[in-house]
Amino acid sequence: MGFGVPAFAHPLVAPTEWAELARPGAPLHWAAFDVARGPGTRPDPLYGEVVGRVRENGVPVLGLLDCRNGTRSFGDLLADASHYLDWYRVDGFYLDRAPTGRADVAECRRVVTTLRALLHSDDEDTEGTEGNEDAEDAEDRGDSRGRGGRGDGGDSGKAGAAASRLPESGGGQIVLGHGEHPWPGYAELADQLVTFCGPWTSYRWSEAPEWTAAYPPERFVHLVHGLPRSHLDTALRIARWQGASTVCLTDRTDRDGADPWAGLAGYWHESVRMLRKQPSPST
């Protein structure tokens, strides 16, 4: 098991939280961020700095795209995705408020397929650019070995570590943030589905539909807010029983319109220690 963290607070507001996400060895499956329900209107150097630190530890960083329950236009989603790639070199996308109904599956597939193509193209462009820079450096040194591009060292170790965290499907990582169990066909589209996002008072009585048993735990994410410290172990057991290997648990609440994901839980370090002791989720 590991954490998927929607890090939706600006680095100026939550510097400690971003520092924790960049701490080596944290059991993170990914971290998602947004500037203003998307990439914003221009690059933010503070986000660029903290995102780079998280990625250095091989943790995929995902840009949030707001699907508005399927009402957001294809063109607007792709425009935001392109800005994330150009400005922050994201490793994938978190599609917040993703649709859940059967009628929207085809359009969701179109969006996901195009996002994967953009991510794949961006990876190729990055490799080509860095390879050319390596070759030029080698020429300046009179060293013909530099023409091997990224394969000869330099940043290749870090790039390889990060690549090993990406799904076998290639083209980056896609998480569909449904917030509830969608029509089963969505499970074929993305690397992960957020099948629960809500308060502990609902999560403690939740159940997973039978169709989820046909997929591995790595496919599912549960995000639980308003969780008291005393129920941490119980929440982790529920995630295991329901077959979800990625979680985010916090004592923050959405009371009075607050964003429960605007910072890490008050018991973050305890939850990290507890999660590391958990057996694998049920399959």
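Scroll up for the structure.
Residues numbered from 1 in each chain as written. Predicted model: local features only at pLDDT ≥ 70, side-chain atom pairs only at ≥ 80, totals over all residues. Heavy atoms only, no water.

Visitor: Pulling in residues and values, what's your account of the packing of aromatic side chains?
Guide: Enumeration over the complete set of coordinates arrives at 13 aromatic pairs. Ring plane angle 55° and centroid distance 6.4 Å describe the contact between W200 and Y203, whose orientation is recorded as tilted. Of this pair, W200 and Y203 both sit in helix α6 (residues 200-203), three residues apart, which is roughly one turn of that helix. By the burial criterion, W200 is buried, and Y203 matches it. Following the ring pairs from residue to residue traces out a cluster consisting of W18, F33, Y47, Y84, Y88 and F93. Sitting over the ring of F74, R110 keeps its end group 3.6 Å from the ring centre. (Phe/Tyr/Trp six-rings, centres within 6.5 Å; stacked < 30°, edge-to-face > 60°. Helix = DSSP H or I, 4+ residues; strand = E, 2+ residues; numbered from the N terminus. Buried < 20%, exposed > 50% of the residue type's maximum accessible area, 1.4 Å probe, protein only. Lys NZ or Arg CZ within 6 Å of the ring centre and 35° of its normal.)

Visitor: Give a detailed account of the environment of W183, specifying residues and quantitative values.
Guide: Positionally, W183 belongs in the loop between β5 (173-177) and β6 (192-199). Measuring from C-alpha to C-alpha, the distance between W183 and R102 comes to 5.7 Å, with 81 residues separating the pair along the chain. Excluding its chain neighbours within four sequence positions, the residues that come into contact with W183 are T100, G101, R102 and V105. (Contact = heavy atoms within 4.5 Å.)

Visitor: Tell me about the pairing of strand β2 (residues 28-33), residues and numbers included.
Guide: In terms of burial, β2 is largely enclosed, as five of its six residues are buried. Crossover connection from strand β1 (residues 2-6) via helix α1 (residues 15-21) to parallel β2: handedness right-handed. Pairing between β2 and strand β3 (residues 61-66): three bridges, direction parallel. In the sheet register, F33 faces β3, and the bridge partner there is G63. (Right-handed = clockwise from strand over helix to strand, strands pointing away. Pairing = 2+ DSSP bridges.)

Visitor: Hey, could you go over the pairing of β1 for me, with residue numbers and the actual values?
Guide: Taking burial as the measure, the five residues of β1 include five buried ones, the bulk of the element. Residues of β1 alternate between two faces, with G2, G4 and P6 on one and F3 and V5 on the opposite face, all of them buried. In the sheet, β1 pairs with β2 via four bridges, with the strands oriented parallel. Across the sheet, residue P6 finds its bridge partner in β2, namely A32.

Visitor: Now, about the sheet that holds β6: what can you tell me, with residues and values included?
Guide: Sheet architecture is closed into a barrel: eight strands sit in the order β1-β2-β3-β4-β5-β6-β7-β8, paired in parallel fashion. In this sheet, neighbouring strand axes are inclined to one another by 25° on average, regardless of whether the strands run parallel or antiparallel. Taken together, the six bridges between β6 and strand β7 (residues 220-225) define a ladder with parallel strand orientation. Directly across from V194, in β7, lies its bridge partner V221. Contacts between helix α3 (residues 74-88) and the sheet are confined to β2, β3 and β4 (92-96), with β3 contributing the most and set at about 155° to the helix. (Axes fitted to C-alpha atoms, helices over the stretch in contact; angles between N-to-C directions.)

Visitor: Please set out the packing of helix α7 (residues 232-241) against helix α8 (residues 268-276) residue by residue, giving values where relevant.
Guide: The interhelical angle for the contact between α7 and α8, taken along N-to-C directions, is 45°, at an axis separation of 11 Å. Relative to α8, the element α7 lies oblique. The chirality of how α7 crosses α8 is right-handed. Across the interface between the two elements, L232, D233 and L236 of α7 pack against E270, S271, M274 and L275 of α8. Residue composition of the contact of α7 with α8, grouped by class: four nonpolar, one polar and two charged. (Parallel < 35°, antiparallel > 145°, perpendicular 65-115°, else oblique. Left-handed = near helix turned anticlockwise from the far one by under 90°. Nonpolar A, V, L, I, M, F, W, Y, C, P; charged D, E, K, R; others polar.)

Geometric descriptors of this kind do not, in isolation, establish any biological role.
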